[in-house]
Amino acid sequence: MCGIVGYVGNRSVVDILLDGLEQLEYRGYDSSGIAVMCSDDIKVYKAVGKLQNLREELRGHESEFTASKMGIGHIRWATHGAPTVLNAHPHTCTCGNLVIVHNGIIENYKELREKLSAQGCVFRSQTDTETVAHLVARKYAECKDLTQAVRLASEEIEGAYALCVMHNDCKNKLVITKRNAPLLIGIGEGEYFAASDVPAIIKHTKKAIYLSDNQIASLTPDSMELFSKEGEKIEPKVEILPWEPVALSKMGYKHFMLKEIHEQPDVIRNILVGRLHTPDENIILNEVKLNKETLKNLNRIQIIACGTSLHAAMIGKYIIESFCGIAVDVEASSEYIYRKTVTDEHTLVIGVSQSGETADTLTAIKQSKARGSHILIITNRPDSAMAREADSLIPVNAGIEVSVAATKSYIAQLMAFYLLALYMSEIKDSIAASTLTSLKAELMILPQKIEQILARKDEIQAVARYYANTKDFIYIARGINFPTALEGALKLKEISYINATGYPAGELKHGPIAMLDETMPVLSILMNGSVYEKLLSNSEEAKARNARMIALTNSKDEKLEDLFEHIIRVPDVQELFSPIISIIPLQLLAYYIAEFLGKDVDQPRNLAKSVTVE
Ligand code: F6R
C-alpha cells in the first residue's frame with residue numbers, strides 16, 4: 001500500500017503534492033509527508049494520521065516553500081515500524097542530502113541495514129525504506145549520477161518497490177523506479193508528475209507512461225529519460241488515460257459508504273448495458289477471448305481473490321457450478337502463491353479484484369499465466385496491473401469506490417459472475433432455454449428489488465441500534481449464502497471493530513455453538529430455497545442455547561415470529577440470485593452500527609483500499 005507522488009516543473013509544488021496525496025488517501029492514512037527542493041536545501045515535513053494533520057503542520061511554513069518547483073510526497077500504510085513521525089516518509093540519508101519515498105516492502109532490509117550501519121550510516125527510523133535512502137546515497141557518493149545510483153541500488157534490493165528520489169546536488173531532477181508496485185509518469189507542459197495511481201495526476205494531464213518493472217526514469221521540467229535495468233535508454237510508450245477528473249462527492253450522504261450502498265441498483269443496470277438486452281436474447285460477453293470450442297470443453301476453473309472479492313469468488317463458484325456443471329476451485333491468493341498448485345494450460349484462472357492491484361492476487365495471476373493458463377480478470381480498474389496481465393478482461397464499471405469497505409464493487413463482481421456463468425451455459429447448452437429466459441428476466445429486475453430494501457433502511461437502522469453495543473456477532477447461512485455470511489461479518493468487523501464471524505450453519509454444532517448464550521446475537525440468512533428447512537433447524541439449535549436471534553429472510557413463514565427476536569424482511573428472489581439481495585441489509589446493518597458507534601466509517605483503522613504489499 002502507501003501512495004507516492006512526485007512533481008518537477010514550473011509551478012509551486014506543495015499544493016500539487018497535497019492534492020495528489022489526497023487522491024491517494026485510499027492507499028493508507030497512518031501518516032503523510034512531503035519533501036520539497038528549496039533554494040538552499042531540501043525541506044521535509046511530516047505528520048502522523050490523516051493528511052489533514054500534514055496540512056496543519058505546514059501552516060506557518062509557507063514562506064519556506066512557496067518558490068519550490070520540485071518535490072515528493074507520501075501517504076503511509078505502516079508495514080515496518082509504528083505510525084510515528086520518525087517512521088513517516090520521506091526518509092533521508094545520514095547527511096540529509098538525499099530523500100526518498102517508497103511504496104512496497106524491501107525484503108532484505110535487515111541485511112542491508114546491518115551492512116550500511118557497519119559502513120557508518122545512521123538510521124533514525126524502524127522502516128525498511130530508510131535502508132534504500134542510505135543505499136542510494138552510498139551509490140551516489142561513488143558515481144555522482146543520481147539515475148545511475150538508483151539503478152545500482154536497485155540491483156541490491158529484494159522485494160517490491162515504487163520509489164521517488166531527490167538529491168540536493170540535483171536541483172531540478174527527480175529519479176523514479178519500480179518493481180512489483182504501481183508507478184506512472186504524467187506528462188504536462190514543462191512539467192512531469194509521478195504517482196502510484198491515476199487520480200493523483202488526472203487533474204493535470206491525461207498523457208502518461210506506465211512504468212514497467214525495473215525501469216528507471218529521470219525527470220526534469222523539460223526532459224524525461226527512461227532506462228532499462230541494464231542502464232540502456234528505452235523509448236517510452238505514452239498512453240492517453242481514458243479518465244475524466246472526477247470531483248468525488250458524498251452527494252448529501254453522511255459517508256461515501258452509504259452513498260455507494262445506494263448506488264448498487266445503478267451498478268447492476270450499468271453492467272447489464274450492452275451485455276443483456278432482453279431475457280430472450282443471448283448474453284453478449286465479447287470480453288471473453290476463449291474460443292467457444294475451448295469453453296465448451298472446459299472442465300476446470302480456478303478463482304483467486306482476497307477479502308470481499310474472495311467472497312464474491314466463492315459465490316461465483318456456486319453460480320458457475322450450478323449453471324455450467326464445471327468444477328470450480330476458489331482460493332485466497334495469499335494461500336495460492338506459496339504452495340504447489342495444480343494449474344496448467346487446461347485451467348481457466350479467474351482473478352477477481354476491485355483495485356486490480358492487490359499484490360497477492362497479482363502474484364497468483366502471474367504464476368498461473370506462466371503455467372500457461374488463460375487469465376480472466378474481473379476488476380473495477382481496467383487500467384490496473386492485473387488488467388494488463390489479462391487474456392480476457394471483464395470490467396465491472398462500478399465507478400470509483402471511495403469507502404475502504406467494499407460494497408458496490410462486490411455487487412458488480414457478483415453480476416460479472418452471473419453474466420459469465422449464463423454466457424458459458426448458453427455455449428455449453430447446460431440449461432434448458434425456458435429456465436435461461438426466466439433467470440435472465442430475474443437478473444434484470446434485481447435493481448428494483450434492491451431499491452425496495454433501500455427504501456426501508458430505517459427498519460435496519462433500528463435493528464442496528466438495538467445490537468450496536470454487542471461485543472460479538474455471529475452470522476449463519478448455508479449453501480450459496482454462506483459467503484454472504486462471511487461478507488456480512490467482514491463488513492461489520494472492518495468498520496465497527498466488533499468481533500463478527502460467519503459460519504456455515506451446519507458447522508455450528510461442531511464447535512462454535514459453545515460460544516452461544518443470552519449475550520450473543522446470531523443472524524440467520526434464511527432465504528427460500530433448497531437449504532431453508534435445514535437452516536431453520538440450525539437456527540432452532542441456536543435459539544435453544546438462548547442466543548439473541550435475528551433473521552434476514554424473504555420467507556412468509558409465520559413460525560419465524562416465535563423463533564426470532566428481530567426479522568429483517570427482503571423481497572422474494574430465486575435462490576441462485578439471493579446473495580445479491582441478502583447482502584444489502586447486511587451492508588446497511590454494519591454501516592448503521594459503525595455510524596451509531598461513531599467510528600470512522602469510510603477510513604477504518606489499520607486498513608487501506610489498495611493492498612499492494614504481500
Ligand atoms: C473489504 C475489502 C477488502 C478487499 C481486499 C481485496 O471491504 O475491501 O477485503 O476486498 O483487500 O481487494 P481487491 O478487491 O482490490 O483485490
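Residues numbered from 1 in each chain as written. Predicted model: local features only at pLDDT ≥ 70, side-chain atom pairs only at ≥ 80, totals over all residues. Heavy atoms only, no water.

A. Representation of the packing of helix α5 (residues 129-143) against helix α6 (residues 146-156) in the model. Axis separation between α5 and α6 bottoms out at 8 Å; the angle between their running directions is 130°. Overall, the two elements α5 and α6 adopt an arrangement that is oblique. Two packed elements cross with a definite hand, and for α5 against α6 that hand is right-handed. Contacts between α5 and α6 pair L135, V136, K139, Y140 and C143 from the former with L146, Q148, A149, V150, L152, A153 and E156 from the latter. Tallied by class, residues from the contact of α5 with α6 come to 9 nonpolar, 1 polar and 2 charged. (Axes fitted to C-alpha atoms, helices over the stretch in contact; angles between N-to-C directions. Helix = DSSP H or I, 4+ residues; strand = E, 2+ residues; numbered from the N terminus. Parallel < 35°, antiparallel > 145°, perpendicular 65-115°, else oblique. Left-handed = near helix turned anticlockwise from the far one by under 90°. Contact = heavy atoms within 4.5 Å. Nonpolar A, V, L, I, M, F, W, Y, C, P; charged D, E, K, R; others polar.)

B. Highlighting unusual backbone geometry. Cis geometry is found at the peptide bond from H89 to P90, where omega equals 0°. Structurally, P90 can be placed in the loop between β4 (70-76) and β5 (91-92). For K144, which is not a glycine, the phi torsion comes out positive at approximately 55°. Considering the arrangement of structural elements, one finds K144 in the loop between α5 and α6. A residue is classified by how much of its surface remains accessible, and K144, at 56% relative accessible area, is exposed. Positive phi outside glycine occurs at N546, with the angle close to 70°. Position of N546 relative to the elements: it lies in the loop between α18 (532-543) and β24 (548-553). (Buried < 20%, exposed > 50% of the residue type's maximum accessible area, 1.4 Å probe, protein only.)

C. Molecular detail of the site of the ligand. Near the ligand, the surroundings consist of 15 residues, among which S309, S353, S355, T358 and E494 are the closest. At 2.6 Å, a side-chain N or O of S353 approaches an oxygen atom of the ligand. Out of a free accessible area of 400 Å², the ligand has 89% covered by protein chains. (Near = heavy atom within 4 Å. Polar contact = N/O pair within 3.5 Å; in protein donor to acceptor, adjacent residues only side chain to side chain. Areas by Shrake-Rupley, 256 points an atom, 1.4 Å probe, with all protein chains shown as cover.)

D. Quick peek at the domain arrangement of the protein chain. Each assigned domain of the protein chain is listed here: domain 1 (3-246), domain 2 (250-444) and domain 3 (451-601). If you average the C-alpha positions of domain 1 and of domain 2, the two centres end up 35 Å apart. Across the contact, 11 residues belong to domain 1 and 7 residues belong to domain 2. Summed over both partners, the interface of domain 1 with domain 2 comes to about 730 Å²; 49% of that surface belongs to carbon and sulfur atoms. Broken down residue by residue, the surface that domain 1 buries against domain 2 is led by P182, Y210 and W243, which jointly contribute 47%. At the boundary of domain 1 with domain 2, the tally comes to 2 salt bridges. Residues D197 and R381 are paired through a salt bridge, measuring 2.6 Å at the closest nitrogen-oxygen approach. When the residues that make up the side of domain 1 that touches domain 2 are grouped by side-chain class, the tally is 7 nonpolar, 1 polar and 3 charged. (Domains from an automatic or database assignment. Buried area = accessible area lost by both parts, 1.4 Å probe. Salt bridge = Lys/Arg side-chain N within 4 Å of Asp/Glu carboxyl O.)

E. Layout of the nonpolar core. Judged by nonpolar contacts, the single largest core of 96 residues is most densely connected at I301, I320, I350, L443, F473 and Y475. Ranked by residues supplied to this core, first place goes to helix α14 (residues 408-428) with 15 residues. Split by domain, the residues of this core number at least three in each of domain 2 (250-444) and domain 3 (451-601). Once you skip the residues sitting within four places of it in the chain, I350 turns out to touch I301, Q302, I303, I304, I320, L376, I378, F417 and L420. Counting 31 residues, the second largest nonpolar core, distinct from the first, contains V14, I34, C38 and I201. (Core = buried A, V, L, I, M, F, W, Y, C linked by side-chain atoms within 4.5 Å.)

F. Structural detail: the sheet that holds strand β14 (residues 233-234). Read across the open sheet, the 7 strands follow the order β5-β6-β7-β8-β12-β13-β14; overall the sheet is antiparallel. At either end of the open sheet lies a strand with only one pairing partner, and these are β5 and β14. Inspection of the sheet shows strand β8 (residues 174-179) paired to strand β12 (residues 216-220) by 4 bridges, in the antiparallel sense. Residue pairing for β12: I176 is matched across the bridge by A217. (Pairing = 2+ DSSP bridges.)

G. Just the packing of aromatic side chains, in detail. In the structure shown here, the tally under the stated rule is 7 aromatic pairs. Aromatic side chains Y418 and F577 sit 4.8 Å apart centroid to centroid with 50° between the ring planes, which places their arrangement in the tilted category. In this pair, Y418 sits in helix α14 while F577 sits in the loop between β25 (566-569) and α20 (578-596), placing the two residues 159 residues apart along the sequence. With respect to burial, Y418 and F577 carry one shared label: buried. Measuring from centroid to centroid gives 5.2 Å for Y591 and Y592, while their planes differ by 75°, and the two rings are edge-to-face. (Phe/Tyr/Trp six-rings, centres within 6.5 Å; stacked < 30°, edge-to-face > 60°.)

H. Spatial organisation of helix α15 (residues 433-455). With 23 residues, α15 extends 34 Å from end C-alpha to end C-alpha; this agrees with the ideal 33 Å at 1.5 Å per step. Taken as a whole, α15 carries its principal kink of about 40° at I445; the proline P447 stands between one and four residues after it. Among all positions in α15, only L436, L439, K440, E442, L443, L446, P447, K449, I450, I453 and L454 are buried. The elements touched by buried residues of α15 are α7 (256-262), α8 (264-272), α10 (307-324), α14, α16 (457-467) and α20. (Expected span 1.5 Å × (residues − 1). Bend = angle between axes of the 7 residues up to and from the residue.)

I. Broad picture of the side chain of S154. With respect to the helices and strands, the residue S154 is situated in helix α6. The class for S154 is buried, based on a relative accessible area of 9%. From its side chain, S154 meets the backbone oxygen of R151 in a polar contact 2.7 Å long. Discounting residues that sit within four places of it in the chain, S154 has contacts with Y161 and R179.

J. Representation of the pattern of salt bridges in the model. One pass over the full model with this rule turns up 32 salt bridges. Residue E263 is joined to K408 by a salt bridge in which the shortest nitrogen-to-oxygen separation is 2.7 Å. Highlighted residues: E263 in the loop between α7 and α8 and K408 in helix α14, separated in sequence by 145 residues. For E263, a relative accessible area of 22% gives the class partly exposed. Residues E426 and K440 are paired through a salt bridge, measuring 2.6 Å at the closest nitrogen-oxygen approach. Of this pair, E426 sits in helix α14 while K440 is found in helix α15, placing the two residues 14 residues apart along the sequence.

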